[in-house]
Amino acid sequence: MSDTVEHLKSFAQFPLALRRFLRPRLTLAEARRIVAERMERREENFLRLVQRSIYGHASSPYLALLKLARCEFGDLRALVKQKGLEGALRALREAGVYVTFEEFKGRTPIVRHGQTIATTARAFDNPFAQRDFALQTGGSTGLASSVYQDLDYIAAGAPHQMLMLDAWGVLNTPVLHWMHMLPGGGLRFILQRAYFQRYPEAWFAPVGWRDSRYWVKYGAATLYMILWMRLLGVPVSLPKIVKTVQASVVARSMRDMLDTGKGCLLYTSVSRGLRVCAAAVQEGFDLAGATLRVGGEPVTRAKMEAMRRAGVRVIPAYGAIDTGAVGLGCPRAAETDDVHFCEDAFALITHPHPVEGGVTVPALNLTSLVDSSSKVMLNYQSDDYGIVQERSCGCPLESCGFTRHLHGIRSYSKLVGEAVTLIGNEMLNILEHRLPARFGGNPLDYQLMEEEDANGLTRLYLIIDPRVEIADERQVIEFVLNALTESSPMGDAARCMWQQDRTLQVKRMEPVWTERGKFLPLHIQRSGHNS
C-alpha cells in the first residue's frame, strides 16, 4: 500500500479515533497512578510487548536477531528473572541483539554473526499500534521517514508531561506554542495537552503555509485535523505564521501575557527560544516569570545563559518523533540539560561506541515498554550518547521513581541547527559528489562543521578549501538549499528554516583533519566519554 493511500486511510479514521481519545480526562492523581503502576510492572510489560510484537510477529527484524542469538521466549523470560531487565538487555546486546540508527531507519541491512538481514524502516513499526495520523522524522536527502502516530501512545505519554509541568509549577499556566505544522510535531504536543484539558492561547508556526513545495498535502492535513479538533471541543486556533526572524512577535505576546499576572509557558525549540529571549533583550523588556519548554537540540551552557538573560526559566526535554518523550527536565538540575529518564516507558543501557577521531562515546540503547508505542525498540542505538547517573535531587519527579538522570546528550553522527536534524550519511552525497561536480575540487575540499556563535545560536558552516575558485559563495548556499528542497518534505522544511535564519554559512579555510590524520566530511564537535 502506497504512502498516499496509507495517509488517506489514517486521516479518514481520525475523527473516530479523536473522539475516543478525548473521552477520558486525565487528572494529576491519575497520572501519578499510571506511572506508579508502569514502574511496578516494567519487567512484565517488557515481556508482554516482546511476546506480542516480536515473537508473535514473524517478520520482525528483532525475531531474526533473537533466533541468531538462540534466544527463545522462554530463555528471555528466564534471563530477565535471573539478571533483571537491564541486565538481560546487556546480555542481549553482547549477543548481537540490537539495531543501530541506520538499521532502524532501513538505510543499511543488519549484519550479525555473518548473516545479513534485509530490513526497512516500516519493519520496526509496532504491528498492534493504531495509525491515527503521520509525522515525519528529520531527513534531508530523501531519506526522511514517516512515523505513524497512535493517539493511544500520545495519551500514554501525557502523564509524563503533566507530572513534569506540575513539578515546575506551570501545569495551569497559559501556554503559547511556536512549533511546526505538519509534517512537524506541533499538533502532537497540542493533542497531548488536550488529553489533560490544557489548551493553547495561541499557536505560532515558523514556516509559512506555502513556503514548502509540499504545502498542499500537509497544509490540508493540518487544517483537517484542526477542524475535527474544534468540532470535538478542543479550542485550538489556526497557526499564525511567525518566522524566526520575527521572534519579537512571540516575545511581545509573552510579555503581554505576563502583564496579566498569570504567567506564560512557551513550547518551542531551543534555538527559537533563544531568539525570543534575544529579541526581548534587544527591544528593552524582560520575560521574568515566563517559562520555556524546549527541545529539538542540546541545551548547551551558552544557550542557557543567553536565555536566562531575559529572566526566563528553561525546561529541557529529550525525545524524538520515533520515541516521544524520553527525558523530563529536572527542576533541581545539576547540568543545563539535566533530565529525568522516563523509566516507566523505556529501559536504557549504554554501550561503548567508537567514532571517528579515536573517541569512544557511551551510546544510548533504548527499549520500549509501552504497548502502544509507534515503534518497537529493543536495544535501539539511537545515534545519541550521554551521561547516565543515578542521583537523588529531591524534586517531585524523583518521587515518581525517576531517579536516573541524563545529561550531556549529543549525537555522534548528526548535526543539529535550528531544531532541524541533518543525518550524517545523508549529507555525504552533497559534500562528496554534488558540490565537487558543480563547483570543482574534490571531496576533500568540502566539509560541514557545527559550532555555536557568540550569541549561543547553533550555526552550520560549509567549509570550502580556498584553492577552489568560486566567484559567488551565495551560489554554493543556494545550491545546497535547493538540494534539500528536492529531497523530502522535512528536507524542504530544513531549507525553509535555514534560508530565513541564515543558519548555513560559508567559511573559506582548509578543512579540519583529526589528530590521527583522518578527514571527516561532517566535523561534529564532541567530548570524549568512557562508558
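The text that follows walks through the structure, step by step, so that each part is easy to find. (Residues numbered from 1 in each chain as written. Predicted model: local features only at pLDDT ≥ 70, side-chain atom pairs only at ≥ 80, totals over all residues. Heavy atoms only, no water.)

Moving on, we come to the nonpolar core. Counting 103 residues, the largest nonpolar core has F21, F46, Y62, L76, L92, F346 and L378 as its most contacted members. With eleven residues, the top contributor of residues to this core is helix 7 (residues 151-167). If we skip the residues at most four places from it in the chain, F46 touches L76, V80, L85, L89, T367, L369 and L378. Counting residues in hydrophobic clusters, the runner-up holds 32 residues, among them C264, L266, V270 and A280. (Core = buried A, V, L, I, M, F, W, Y, C linked by side-chain atoms within 4.5 Å. Buried < 20%, exposed > 50% of the residue type's maximum accessible area, 1.4 Å probe, protein only. Helix = DSSP H or I, 4+ residues; strand = E, 2+ residues; numbered from the N terminus. Contact = heavy atoms within 4.5 Å.)

Glancing now at the environment of L66. Here L66 is to be found in helix 4 (residues 61-68). Here the alpha-carbon distance between L66 and L76, two residues ten residues apart in the chain, equals 9.3 Å. Discounting residues that sit within four places of it in the chain, L66 has contacts with I54, Y55, C71, L92, V97 and L378.

Further remarks concern helix 11 (residues 270-282). The end-to-end C-alpha distance of helix 11, which contains 13 residues, comes to 18 Å, matching closely the 18 Å that a straight helix rising 1.5 Å per residue would cover. Counting buried residues along helix 11, ten of its 13 residues qualify, which places the element largely inside the surrounding structure. Those residues of helix 11 lying buried are V270, S271, R272, G273, L274, R275, V276, C277, A279 and A280. The backbone nitrogen of R272 lies 3.2 Å from a side-chain oxygen of the residue at the head of helix 11, namely S269. G284 sits one or two positions beyond helix 11 and adopts a positive phi of about 90 degrees. (Expected span 1.5 Å × (residues − 1). Polar contact = N/O pair within 3.5 Å; in protein donor to acceptor, adjacent residues only side chain to side chain.)

Another point: the pattern of salt bridges. For the structure on display, the rule yields 21 salt bridges. A salt bridge links D152 to R20, with the nearest nitrogen and oxygen atoms 3.8 Å apart. Here the residue D152 occupies a position in helix 7, and R20 occupies one in helix 1 (residues 3-22), the gap between them amounting to 132 residues. Given a relative accessible area of 36%, D152 falls into the partly exposed group. Residue R20 is classed as partly exposed on the basis of its relative accessible area of 36%. As a salt-bridge pair, E86 and R42 come within 2.8 Å of each other at their nearest N and O atoms. Residue E86 is found in helix 5 (residues 73-94), and its partner R42 is found in helix 3 (residues 42-55); the two are separated by 44 residues along the sequence. Judged by its relative accessible area of 17%, E86 is buried. (Salt bridge = Lys/Arg side-chain N within 4 Å of Asp/Glu carboxyl O.)

Closest axis-to-axis distance for the helix 2 (residues 28-40)/helix 7 pair is 9 Å, and the angle between their directions is 115 degrees. When the axes of helix 2 and helix 7 are compared, the crossing they make is left-handed. Residues L28, A31, R32, I34, V35 and R38 of helix 2 pack against A156, P159, H160, M162, L163 and D166 of helix 7. Its residues assigned to classes, the contact of helix 2 with helix 7 shows eight nonpolar, one polar and three charged. (Axes fitted to C-alpha atoms, helices over the stretch in contact; angles between N-to-C directions. Left-handed = near helix turned anticlockwise from the far one by under 90°. Nonpolar A, V, L, I, M, F, W, Y, C, P; charged D, E, K, R; others polar.)

As a further point, take the sheet that holds strand 9 (residues 290-295). An order of 7-6-5-8-9-10-11-12-16-15-14-13 is seen for the twelve strands of this open sheet, with the pairing classed as mixed. Strands with a single pairing partner mark the edges of an open sheet, and in this sheet they are strand 7 (240-241) and strand 13 (346-355). Pairing analysis gives ten bridges linking strand 13 to strand 14 (residues 359-368), with the strands arranged antiparallel. Residue pairing in the sheet places P352 in a bridge with P362 of strand 14. Here helix 11 sits on the sheet in contact with strand 5 (175-178), strand 8 (264-269) and strand 9, set at roughly 130 degrees to strand 8. (Pairing = 2+ DSSP bridges.)

Moving on: the state of the cysteines. Scanning the entire structure with this criterion turns up zero disulfides. C342 forms no disulfide, and the closest cysteine sulfur to it belongs to C400, at a distance of 9.9 Å. Looking at C342, the relative accessible area reads 0%, which means it is buried. (Disulfide = S-S within 2.5 Å.)

The next point concerns the environment of T260. Note on placement: T260 falls in the loop between helix 10 (247-258) and strand 8. Looking at T260, the relative accessible area reads 54%, which means it is exposed. Within the structure, T260 has its side chain in polar contact with the backbone oxygen of M257 (distance 2.5 Å).

What follows covers the pairing of strand 9. For strand 9, a buried count of six out of six residues is recorded, marking the element as mostly surrounded by other parts of the structure. Every second residue of strand 9 is oriented toward a common face, with A290, L292 and V294 on one face and T291, R293 and G295 on the other, all of them buried. In the classification by handedness, the crossover that spans strand 8, the intervening helix 11 and the parallel strand 9 is right-handed. Pairing geometry for strand 9 and strand 10 (residues 313-320), over four bridges, is parallel. For L292, the partnering residue across the bridge sits in strand 10 and is V314. Crossover handedness for the path strand 9 to helix 12 (residues 301-308) to strand 10: right-handed. (Right-handed = clockwise from strand over helix to strand, strands pointing away.)

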